[in-house]
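This is what each chain is made of:
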Amino acid sequence: MQMTAKFERLNWIDSLKGIAILLVVLGHTLDGTPMYSTTDWMKQVHGFIYSFHMPLFFFLSGCTFNLSKKHSDYKAFAFRILELFLVYVIWSFFMYAGKALLSAEVSNQNKFSFPYCLLFSPVDPFWYLIVLLFYSLVGFLIERANDKVRICIFCMAFILGALISLWESKAIKDASEFRYLYRILYHFVFFVGGICFIKKDCLKLASKTKATVMSVLVVVFLSLKMFFRPTDIVLFNEITAWSCVLWLVALFSQFAFASCNSLISFFGRNSLYIYCLHNFCTVLCRILLRDKINNGGGYVCIVFLITMTICTVAVLIIQRMKAVDIFFKPIKTTMWGFRKSKKRI
């Protein structure tokens, strides 16, 4: 029974990661659409996605960080941190070079030198990787703290996230360095929340009835928010994010929306590959489909489907050609190649 419970827990996390990465791809498809600036519905959908999709990712990262045994082994943890940093450097370089070559086709241009970008102004969308690295280092200490300390850290992170929302003025968001700092401080509470969620085994408090009631409440809350649009209330951004995150966790942990063999779970298990590859696919689609599709909805659907198809095929190829995995798991793949060559000798 214990193994079954653990399997189900990992399955709902994989399924939610799949939903999160689909939202990431859809969000980047929307803001790269030529008709985006003049289409209201695109802006509304984009704003809704961006209100919770990265908080969901960081919450799930906190859950998996706690479930993983690597943080209890100092050597394995050090390798994991180094590998995450190498992946960040490799794909940031690819994106930086791509933006330099295709500057007319990308939304955010390179403003600084590559070494400066790595440390102080991460190249979009790979800021997630370096922020996750920072959170993992802090999480290594939080994981070893007692319950009272963890709750105190969570409360302080929640307050900090609310205060940092005050920085959401246009002047701050347009400055790359401040946007980086904002992302670190705002999303930290969700990572800590994921650690606390698993540590306290909050999943046992959920039920199908509670998940259904919560679904109704969240839908009502989001409807009221869209109607009244209380942008002057600082806490609303954080409350919206937490409402959507906990609602999705309750739904997917209690209802079997996706099996372990489903496409959604496949996307979740391979979310790192899709996260690294999808921006290159959307830029390629933008070049190929320029001035060929005038309908905004049609453009978004076609680019989204092409991007996910290319990413899925790429993941299947990578799984068969182990050597290509060096761009995503450099240390693990190098050690695998070393062991393989040693056996041949």
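**Structural notes on the overall build of the chain**
Point 1. In terms of regular secondary structure, the chain is built from 15 helices and zero strands.
Point 2. For the chain, with 345 residues in total, the buried portion stands at 47%.
Point 3. Here the analysis covers contacts within the chain between residues at least 6 apart in sequence; of these, 80% occur between residues at least 24 apart.
Point 4. Roughly 18300 Å² of accessible area belongs to the chain as shown, and the carbon and sulfur atoms make up 69% of that amount.

**Remarks on the nonpolar core**
Point 1. Of all hydrophobic cores here, the largest spans 88 residues; its most connected members are Trp12, Phe59 and Tyr128.
Point 2. Here this core takes 13 residues from helix α9 (residues 176-199), the largest share from any one element.
Point 3. Ranked by size, the runner-up nonpolar core spans five residues in total, among them Met35, Cys285, Tyr299 and Val303.

**Comments concerning the side chain of His53**
Point 1. Tracing the sequence through the fold places His53 in helix α3 (residues 53-67).
Point 2. Here His53 falls in the buried class, since its relative accessible area comes to 2%.
Point 3. Here the side chain of His53 touches Ile49 through a polar contact of 3.0 Å, landing on its backbone oxygen.

**Remarks on helix α4 (residues 74-101)**
Point 1. Compared with the 40 Å implied by 1.5 Å per residue over 28 residues, the 41 Å span of α4 between its first and last C-alpha is a close match.
Point 2. Within the sequence span of α4, burial applies to Phe77, Ile81, Glu83, Leu84, Val87, Tyr88, Trp91, Ser92, Met95, Tyr96 and Lys99.

**Observations regarding the confidence of the model for the chain**
Point 1. Per-residue confidence for the chain gives a mean pLDDT of 79; residues scoring 70 or more make up 80%.
Point 2. In this model, residues 1-9 is a region of pLDDT below 50 whose contacts with residues beyond four sequence positions or in other chains number five contacts.

**Here's the deal with helix α13 (residues 271-288)**
Point 1. With 18 residues, α13 should reach 26 Å at 1.5 Å per residue; the first-to-last C-alpha distance of 25 Å fits that figure.
Point 2. The sharpest bend along α13 comes to roughly 40°, located at Leu277.
Point 3. Among the 18 residues of α13, 13 are classified as buried, and the element is accordingly described as predominantly covered.

**Here's the deal with the pattern of salt bridges**
Point 1. Evaluated as defined, the whole model comprises two salt bridges.
Point 2. Taking the shortest distance from any N to any O, the salt bridge between Glu143 and Lys199 comes out at 3.1 Å. Taken together, the residues Glu143 in the loop between α6 (127-142) and α7 (147-164) and Lys199 in helix α9 connect sequence positions 56 residues apart.
Point 3. Where Arg150 meets Asp147, a salt bridge forms, and the shortest distance between an N and an O atom there is 2.5 Å.

**Considerations on the packing of α3 against α6**
Point 1. It is at 11 Å that the axes of α3 and α6 come closest, and there the two elements cross at 40°. Taken together, the axes of α3 and α6 are oblique relative to one another. As α3 runs across α6, the sense of the crossing is right-handed. Contact residues: α3 offers Met54, Phe57, Phe58, Ser61 and Phe65, while α6 offers Trp127, Tyr128, Val131, Leu132, Tyr135, Ser136, Gly139 and Phe140.

**What about the packing of aromatic side chains?**
Point 1. Scanning the entire structure with this criterion turns up 29 aromatic pairs.
Point 2. A centroid spacing of 5.3 Å and a plane angle of 50° characterise the contact between Tyr128 and Tyr275, whose relative ring orientation is tilted. Placement of Tyr128 in helix α6 and of Tyr275 in helix α13 is noted, with a sequence separation of 147 residues between them.
Point 3. When its relative accessible area of 8% is taken as the criterion, Tyr128 is described as buried.
Point 4. Tyr275 sits in the buried class, given a relative accessible area of 3%.
Point 5. When the ring centre of Phe140 is taken as reference, the NZ or CZ atom of Arg144 above it lies at 3.9 Å.

**Comments concerning empty space enclosed by the protein**
Point 1. With the rule as written, the count across this model stands at one cavity of 30 Å³ or more.
Point 2. Size it by volume and the largest cavity reaches roughly 30 Å³.
Point 3. Along its surface, the largest cavity is lined by His28, Thr29, Gly32, Thr33, Thr282, Arg286, Tyr299 and Val303.
Point 4. Taken together, the elements giving at least two residues each to the lining of the largest cavity come down to α1 (2-31), α13 and α14 (296-320).
Point 5. By residue class, the composition of the lining of the largest cavity is two nonpolar, five polar and one charged.

**Considering the environment of Pro122**
Point 1. If you trace the backbone, Pro122 turns up in the loop between α5 (114-120) and α6.
Point 2. In this structure the C-alpha to C-alpha distance between Pro122 and Val89, which are 33 residues apart in sequence, comes to 9.8 Å.
Point 3. Excluding its chain neighbours within four sequence positions, the residues that come into contact with Pro122 are Tyr88, Cys117, Trp127, Ile130 and Tyr180.

The rules behind the values
- Residues numbered from 1 in each chain as written.
- Predicted model: local features only at pLDDT ≥ 70, side-chain atom pairs only at ≥ 80, totals over all residues.
- Heavy atoms only, no water.
- Helix = DSSP H or I, 4+ residues; strand = E, 2+ residues; numbered from the N terminus.
- Buried < 20%, exposed > 50% of the residue type's maximum accessible area, 1.4 Å probe, protein only.
- Contact = heavy atoms within 4.5 Å.
- Areas by Shrake-Rupley, 256 points an atom, 1.4 Å probe, with all protein chains shown as cover.
- Core = buried A, V, L, I, M, F, W, Y, C linked by side-chain atoms within 4.5 Å.
- Polar contact = N/O pair within 3.5 Å; in protein donor to acceptor, adjacent residues only side chain to side chain.
- Expected span 1.5 Å × (residues − 1).
- pLDDT = per-residue confidence, 0-100.
- Bend = angle between axes of the 7 residues up to and from the residue.
- Salt bridge = Lys/Arg side-chain N within 4 Å of Asp/Glu carboxyl O.
- Axes fitted to C-alpha atoms, helices over the stretch in contact; angles between N-to-C directions.
- Parallel < 35°, antiparallel > 145°, perpendicular 65-115°, else oblique.
- Left-handed = near helix turned anticlockwise from the far one by under 90°.
- Phe/Tyr/Trp six-rings, centres within 6.5 Å; stacked < 30°, edge-to-face > 60°.
- Lys NZ or Arg CZ within 6 Å of the ring centre and 35° of its normal.
- 1 Å grid on protein atoms, 1.4 Å probe; cavity = no way out; pocket = protein on both sides within 12 Å on 5 of 7 lines; lining within 4 Å.
- Points joined across faces, edges and corners; volume = space filled by probe spheres on them.
- Nonpolar A, V, L, I, M, F, W, Y, C, P; charged D, E, K, R; others polar.

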